[in-house]
Amino acid sequence: MSDLLERLRERGWRLTAQRRVVAEVLDGEHVHLTADEVHARATERLPEISRATVYNTLGEMVTIGEVIEVSTDGRAKRYDPNAHRPHQHLVCSRCGTVRDVHPQGDPLAALPAGERFGFAVSTAEVTYRGLCPDCS
């Protein structure tokens, strides 16, 4: 059973056939699919699954914190099932490929106190950009 399916089951989330297929499509380490890509892969497994069901299921998974919504440069949102392991993203500036990265150190420590403007900073999202091997 996939890590995402296991987490959803532990939460007591009702796993209909449609929800199960969406979770199975999202399984993996460097998965950052758009909703349309999830729908296309889900229909290979369950031809009758609707686009609306996929969008609703993704939205619910984001709401309960089991999937992260990743936005990069105005492109379509991508969905990352790696919601419980802290990580940052590496994005290809040309093709939009997204990879999870785990840099050393605390990104919060990189923000000097004078640049916090009195905020009680609790999280940081860092996105690294460049060209992937296929685009360079």
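In this numbering scheme, every chain counts its residues from 1 along its sequence in written order. Since the coordinates come from a predicted model, pLDDT governs what is reported: local features require at least 70, and pairs of side-chain atoms require 80 or more to be given and counted, while whole-chain, interface and lining totals use all residues. The side-chain values count all of the structure's non-hydrogen atoms but skip hydrogen atoms and water molecules.

Colleague: It is not clear to me how the overall build of the protein chain should be interpreted in this structure. Could you clarify?
Modeller: Helix and strand assignments come from DSSP, with helices taken as H or I runs of at least 4 residues and strands as E runs of at least 2, each series counted from the N terminus. Summing up its helical and strand segments, the protein chain has 4 helices and 6 strands in all. Overall, the C-alpha framework of the protein chain stretches about 55 × 40 × 25 Å when taken along its three principal axes. Only protein chains enter the accessibility calculation, which uses a 1.4 Å probe. A residue is then buried if its area is under 20% of the maximum for its type, exposed if over 50%, and partly exposed in between. Classification of the 136 residues of the protein chain by burial places 35% in the buried group. Here a residue-residue contact requires only that any non-hydrogen atoms of the pair lie within 4.5 Å. Long-range contacts, defined here as pairs at least 24 residues apart, represent 47% of the contacts in the protein chain between residues at least 6 apart. Accessible surface area values rest on a Shrake-Rupley calculation with a 1.4 Å probe, where residue burial reflects the displayed protein chains alone. In the structure as shown, the protein chain presents an accessible area of about 8300 Å², 49% of it carried by carbon and sulfur atoms. A residue counts as positive if it is Lys or Arg and as negative if it is Asp or Glu; His and the chain ends are not included. Charged side chains are reduced to one point each, which is NZ for Lys, CZ for Arg, CG for Asp and CD for Glu. Charged side chains in the protein chain number 17 positive and 20 negative. The centres of these two groups are separated by 2 Å.

Colleague: I keep staring at the sheet that holds strand S6 (residues 127–130) and nothing clicks. Help me out?
Modeller: In any sheet, the strands associate via hydrogen bonds between backbone groups, in a parallel or an antiparallel arrangement. DSSP calls a pair of strands paired once it identifies at least 2 bridges connecting them. Pairing is mixed across the open sheet formed by 3 strands, whose spatial order is S5-S4-S6. At either end of the open sheet lies a strand with only one pairing partner, and these are strand S5 (98–101) and S6. Pairwise comparison of adjacent strand axes, ignoring direction, gives a mean angle of 25 degrees for this sheet. Every axis corresponds to a line fitted to the C-alpha atoms, with the helix fit spanning only the stretch in contact, and the corresponding angles, defined between N-to-C directions, vary from 0 to 180 degrees.

Colleague: How do you make sense of the pattern of salt bridges when you look at a structure like this?
Modeller: Between Lys or Arg on one side and Asp or Glu on the other, a salt bridge is scored when a side-chain nitrogen of the former is within 4 Å of a carboxyl oxygen of the latter. Within the structure shown, the criterion is met by 9 salt bridges. Residues Arg7 and Asp3 are paired through a salt bridge, measuring 2.7 Å at the closest nitrogen-oxygen approach. Note that Arg7 and Asp3 are positioned in helix H1 (residues 3–10) at a spacing of 4 residues, about one turn of the helix. The class for Arg7 is buried, based on a relative accessible area of 10%.

Colleague: Please explain helix H4 (residues 51–63) as it appears in this structure.
Modeller: Residues that lie three or four places apart on an α-helix share one face, since the helix turns once every 3.6 residues. An expected span of 1.5 Å times one less than the residue number is assigned to each helix. Between the first and last C-alpha of H4 there are 18 Å, a value that for 13 residues agrees with the 18 Å anticipated at 1.5 Å per step. Among the residues of H4, those classed as buried are Val54, Thr57, Leu58 and Met61. Burial along H4 is one-sided: seen end-on, the buried residues are contained in an arc of 100 degrees. Buried positions along H4 lie against H1, helix H2 (17–25), helix H3 (35–45) and strand S3 (78–80). One or two residues past the end of H4 sits Gly65, with phi positive at roughly 80 degrees. Throughout, the arc means the angular range of directions from the helix axis out to the C-beta atoms.

Colleague: Explanation requested: the side chain of Arg19 in the structure shown.
Modeller: Examined against the element boundaries, Arg19 turns out to sit in helix H2. The exposure class of Arg19 is buried, given its relative accessible area of 15%.

Colleague: How should I be thinking about the packing of H2 against H4 in this particular structure?
Modeller: Relative orientation and spacing of two packed helices are given, respectively, by the angle between their axes and the distance between those axes. The contact between H2 and H4 brings their axes to 10 Å, and the two run at 70 degrees. In terms of axis orientation, H2 runs roughly perpendicular to H4. Between H2 and H4, the residues in contact are Gln18, Arg19, Val22 and Ala23 and Thr53, Val54, Thr57, Leu58, Glu60 and Met61, respectively. Classes in brief: Ala, Val, Leu, Ile, Met, Phe, Trp, Tyr, Cys and Pro nonpolar; Asp, Glu, Lys and Arg charged; the others, Gly included, polar. For the contact of H2 with H4, the residue count by class is 5 nonpolar, 3 polar and 2 charged. Oblique is the label for any angle not covered by the other classes, which are roughly parallel (under 35 degrees), roughly antiparallel (over 145) and roughly perpendicular (65 to 115).

Colleague: Honestly, the pairing of strand S4 (residues 88–92) in this entry has me stumped. Any pointers?
Modeller: It is a general feature of regular strands that their side chains alternate between the two faces of the sheet. With 4 of its 5 residues buried, S4 lies for the most part within the structure. In this sheet, S5 lies alongside S4 in antiparallel orientation, the contact comprising 4 bridges. Bridging across to S5, Leu90 finds its partner in Arg99. Counted between consecutive antiparallel strands, the loop separating S4 from S5 contains 5 residues, among which Gly96 sits at a positive phi close to 85 degrees. Across 4 bridges, S4 lies against S6 in parallel orientation. Pairing of His89 across the sheet is with Thr127, part of S6.

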